[in-house]
Amino acid sequence: MKYSAALYIRLSKEDGRKDSGSIGSQRELLKNFAFENGFSVFGEYVDDGFSGTNFERPAFKKMISDIENGKINLVITKDFSRLGRDYISAGQFTEIYFPSKGV
């Protein structure tokens, strides 16, 4: 299967550099992971300064739109908390929504 990946990066003001690293370090980590695994990167989606407690983030919504339009079939993020801090909603994306879209 040929993958078209989204690199999803998020850093909230509350996170600072405590556990998520900087935007730049997350970007470098994800690019390296994609390259090492032969994944084609469709785009980077960066929500800098946005809380992970809701999913009304501009880059996240753009990524979902690109999934809906068949442009992405793989989402790569540093860890689960970068996707979102509301673990029930984040789980609904990873366990229900993404698989239903072939992601």
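For clarity, every value in this text was computed on a predicted model and none was experimentally measured.

Calculation criteria
- Residues numbered from 1 in each chain as written.
- Predicted model: local features only at pLDDT ≥ 70, side-chain atom pairs only at ≥ 80, totals over all residues.
- Heavy atoms only, no water.
- Pairing = 2+ DSSP bridges.
- Helix = DSSP H or I, 4+ residues; strand = E, 2+ residues; numbered from the N terminus.
- Axes fitted to C-alpha atoms, helices over the stretch in contact; angles between N-to-C directions.
- Core = buried A, V, L, I, M, F, W, Y, C linked by side-chain atoms within 4.5 Å.
- Buried < 20%, exposed > 50% of the residue type's maximum accessible area, 1.4 Å probe, protein only.
- Contact = heavy atoms within 4.5 Å.
- Salt bridge = Lys/Arg side-chain N within 4 Å of Asp/Glu carboxyl O.
- Phe/Tyr/Trp six-rings, centres within 6.5 Å; stacked < 30°, edge-to-face > 60°.
- Lys NZ or Arg CZ within 6 Å of the ring centre and 35° of its normal.

K.L.:
Can you walk me through the sheet that holds strand β1 (residues 4-11) in this structure?
P.N.:
Whenever strands of a sheet pair, they do so through backbone hydrogen bonds, lying parallel or antiparallel. One open sheet holds the three strands; their spatial order is β2-β1-β3, and the pairing between them is parallel. Each edge of the open sheet carries a strand with a single partner, namely β2 (40-48) and β3 (74-77). Averaged over all pairs of adjacent strands, the angle between strand axes in this sheet comes to 25°, irrespective of strand direction. Taken together, the four bridges between β1 and β3 define a ladder with parallel strand orientation. Across the sheet, Y8 pairs through a bridge with T77, a residue of β3.

K.L.:
Which parts of the structure should I look at to understand the nonpolar core?
P.N.:
Here is a general trend for soluble globular proteins: nonpolar side chains tend to be buried in one another's company. One finds F60, M63, I67, V75 and F98 to be the most contacted residues of the largest nonpolar core, which totals 16 residues. Listed by contribution, the elements that provide at least two residues to this core are β1, α2 (58-68) and α4 (87-100). Here the element with the most residues in this core is α2; it accounts for five residues. Beyond its immediate stretch of four places on either side in the chain, F60 contacts Y8, D47, F55, L83 and F93. Grouped together as the second largest cluster of nonpolar side chains are nine residues, L7, I23, L74 and I76 included.

K.L.:
In this structure, what is going on with the pattern of salt bridges? I would like to understand it.
P.N.:
Opposite charge on two side chains allows them to pair when their charged atoms are near. Scanning the model with the defined rule gives eight salt bridges in all. With a shortest N-O distance of 2.6 Å, R27 and E44 are connected by a salt bridge. With a gap of 17 residues between them, R27 in helix α1 (residues 23-36) and E44 in strand β2 connect regions that are remote in the sequence. In this structure, K31 and E44 form a salt bridge, with 3.5 Å as the shortest nitrogen-oxygen distance. Placement of K31 in helix α1 and of E44 in strand β2 is noted, with a sequence separation of 13 residues between them. Of the residues examined, K31 reaches a relative accessible area of 39% and is grouped as partly exposed. Put simply, R27, K31 and E44 are held in one network by salt bridges that share partners.

K.L.:
Please explain the packing of aromatic side chains as it appears in this structure.
P.N.:
Centre distance and the angle of the planes are the two values used to describe a pair of aromatic rings. A complete count under the given rule lists ten aromatic pairs for this structure. For the ring pair F80 and Y87, a centre distance of 5.6 Å and an interplane angle of 15° mean the geometry is stacked. Of the residues examined, F80 reaches a relative accessible area of 35% and is grouped as partly exposed. A relative accessible area of 43% means that Y87 is categorised as partly exposed. The rings of Y8, F55, F60, F93, Y97 and F98 are connected pair by pair, giving a single aromatic cluster. Across the ring face of F60, the terminal group of R57 is positioned such that the distance to the ring centre comes to 5.1 Å.

All we've got here are geometric facts, nothing functional implied.
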